[in-house]
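# Coordinates in review
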Amino acid sequence: DYVPQMINGLTQADAAVVIIDATSDLIFEASNVDQISADATPAEIARGQTFEQLTIAKNLGIERVLILVNKMDAVNWDQERFELIKESLTTHLVEKLDFSSHDLEFVPASGFKGDNIVKQSNHCSWYKNGTLLERLEKLNEKSHKSIEDLTLDSKDPFVLTITDITSSTGSDTSKKSDQLIIHGRVNSGILQP
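A few points on the structure. Please read all numbers here as calculations on a predicted model, not as lab measurements.

## Focus on the pattern of salt bridges
This model, assessed by the stated rule, comprises four salt bridges. A salt bridge links Lys58 to Glu63, with the shortest nitrogen-to-oxygen separation between them at 2.9 Å. Owing to a relative accessible area of 16%, Lys58 belongs among the buried residues under this scheme. Under the relative-accessibility criterion, Glu63 is labelled partly exposed at 35%. Here Arg135 makes a salt bridge to Glu105, at a shortest N to O gap of 2.5 Å. Remark: Glu105 occurs in strand E3 (residues 104-108) and Arg135 occurs in helix H5 (residues 132-143); sequence separation between them is 30 residues. Considered together, Arg135 and Glu105 belong to a single accessibility category, that of buried residues.

What follows is the structure in structure tokens.
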């Protein structure tokens, strides 16, 4: 059930949040791959489940990605490890999936101790770009449009990504039994009753 639910969530999302395990020797959940290294081939990297999901996200129109590098406490907040993961992901996402490097954000964190999740970590003096919550709030601000932006969008063609269709044959007797309820996300244009 995970993949259909993940795809349904992506169709409604403004950005993707990906959690990477800093302690794993596998290249982002790839099978039959030895270790994360600077010389990992794109084919090795692309076999990972993380990249399969990010490929789907990109194809569904997601442009911004926030990557949380978790379990940094287990690697003693090793900046080189963080930079290796960041570089490997950025290279693949920019070159193979056509993400913009400006739309990729990385946060080193420890979910177990809560460092860089809500409060700034005392153990990670080399990182100064904000906590996960702060980065999410900035992504949220970028996603909301001003009145001027909405007015500009009104000239765009109407595009709706449909996420679900249900029949109105439930307990609501005010609707006709042959009506369908369409759920989705408006990607461009406007819709008025």
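## Notes on the sheet that holds strand E1 (residues 15-21)
Ordered by their spatial adjacency, three strands build an open sheet running E1-E2-E3, and the pairing between neighbours is parallel. Each having just a single partner strand, E1 and E3 make up the two edges of the open sheet. Between one strand axis and the next, the sheet turns through 20° on average, direction left out of account. Inspection of the sheet shows E1 paired to strand E2 (residues 64-70) by seven bridges, in the parallel sense. Note that in E2 the partner of Val18 across the bridge is Ile67.

## Things to note about helix H4 (residues 79-95)
Helix length check: H4 (17 residues) gives 24 Å between terminal C-alpha atoms against 24 Å at 1.5 Å per residue, within 8%. Within H4 the residues assigned to the buried category are Arg81, Phe82, Ile85, Ser88, Leu89, His92 and Leu93. In a view along the axis of H4, the buried residues occupy a sector of 135°, so they form one face of it. Turned more than 90 degrees off the buried face of H4, the exposed positions are Glu80, Glu87 and Glu95. You can read the cap of H4 off the contacts: a side-chain oxygen lies 3.1 Å from the backbone nitrogen of Glu80, and it is on Asp78.

## A closer look at the environment of Met6
Relative to the elements of secondary structure, Met6 occurs in helix H1 (residues 2-12). Each C-alpha atom, one on Met6 and one on Ala57, is 9.4 Å from the other, the two residues being 51 residues apart in sequence. When neighbours within four sequence positions are excluded, Met6 is seen to be in contact with Gln53 and Ile56.

## Topic: the packing of aromatic side chains
The tally for this structure, following the rule as stated, stands at one aromatic pair. On the basis of an interplanar angle of 45° and a centroid distance of 5.3 Å, the ring pair of Phe82 and Trp126 is categorised as tilted. On the criterion of sequence distance, the pair formed by Phe82 in helix H4 and Trp126 in the loop between E3 and H5 is long-range, its members being 44 residues apart. The cationic tip of Lys58 hangs over the ring face of Phe99; the distance from NZ or CZ to the ring centre is 4.9 Å.

## Topic: the packing of H1 against helix H3 (residues 49-59)
Contact geometry for H1 and H3: axes closest at 10 Å, N-to-C directions at 35°. Considering only the axes of H1 and H3, their crossing is right-handed. Between H1 and H3, the contacting residues are Tyr2, Met6, Ile7 and Leu10 on the first element and Gln53, Ile56 and Ala57 on the second. Residues belonging to the contact of H1 with H3 are distributed by class as follows: six nonpolar, one polar and no charged.

## Comments concerning a nonpolar patch on the surface
Taken together, Phe158, Leu160, Ile162, Ile165, Leu180, Ile182, Val186 and Leu191 make up a surface patch of nonpolar side chains, about 750 Å² in accessible area. Elements supplying a minimum of two residues to the nonpolar patch: strand E4 (159-167) and strand E5 (180-188).

## Comments concerning the side chain of Ser121
Residue position: Ser121 is located in the loop between E3 and H5. Among the polar contacts listed, one links the side chain of Ser121 to the backbone nitrogen of His123, at a separation of 3.0 Å. Setting aside chain neighbours within four positions, we find Ser121 in contact with Trp77, Asp115 and Asn116.

Cut-offs used in this document
- Every chain is numbered independently, its residues counted from 1 as its sequence is written.
- Predicted model: local features are reported for residues with pLDDT of at least 70 only, side-chain atom pairs are reported and counted for 80 or more only, and whole-chain, interface and lining totals are derived from all residues.
- The side-chain quantities take in all heavy atoms of the structure and omit both hydrogens and water.
- Salt bridge, as used here: a side-chain nitrogen of Lys or Arg that lies within 4 Å of a carboxyl oxygen of Asp or Glu.
- The buried label applies to any residue whose accessible area, calculated with a 1.4 Å probe on protein chains only, is under 20% of its type's maximum; exposed applies above 50%, and partly exposed to all values in between.
- Strands are runs of DSSP state E lasting at least 2 residues, helices are runs of H or I lasting at least 4, and numbering of each runs from the N terminus.
- In this scheme, strands are said to pair when DSSP sees at least two bridges between them.
- Axis definition: a line fitted to C-alpha atoms, over the contacting stretch in the case of helices. Angles run 0 to 180 degrees between N-to-C directions.
- Expected span of a helix: the number of residues minus one, times 1.5 Å.
- Directions from the helix axis toward the C-beta atoms define the arc.
- Whenever a nitrogen or oxygen atom comes within 3.5 Å of another N or O atom, the pair is scored as a polar contact, on the condition that within protein one atom can donate a hydrogen and the other can accept it, and that pairs from neighbouring residues in sequence are kept only if both atoms are in side chains.
- Whether two residues touch is decided by their heavy atoms; if any such pair falls within 4.5 Å, the residues are in contact.
- Aromatic rings from Phe, Tyr and Trp, with only the six-membered ring used for Trp, were paired whenever their centres fell within 6.5 Å, and each pair was classed as stacked if the ring planes differed by under 30 degrees, edge-to-face if by over 60, and tilted otherwise.
- In this scheme, Lys NZ or Arg CZ marks a charge over a ring once it lies within 6 Å of the ring centre and within 35 degrees of the ring normal.
- Left-handed describes a crossing whose near helix is turned anticlockwise from the far helix by less than a right angle; the clockwise case is right-handed.
- Each residue gets one of three labels, nonpolar for Ala, Val, Leu, Ile, Met, Phe, Trp, Tyr, Cys and Pro, charged for Asp, Glu, Lys and Arg, and polar for the others, Gly among them.
- Residues forming no salt bridge and having over 30% relative accessible area are the ones grouped into patches, like charges within 9 Å of each other and nonpolar side chains (Val, Leu, Ile, Met, Phe, Trp, Tyr) within 5 Å.
- In short, Shrake-Rupley with a 1.4 Å probe defines the accessible areas, and a residue's cover is counted only from the protein chains shown.

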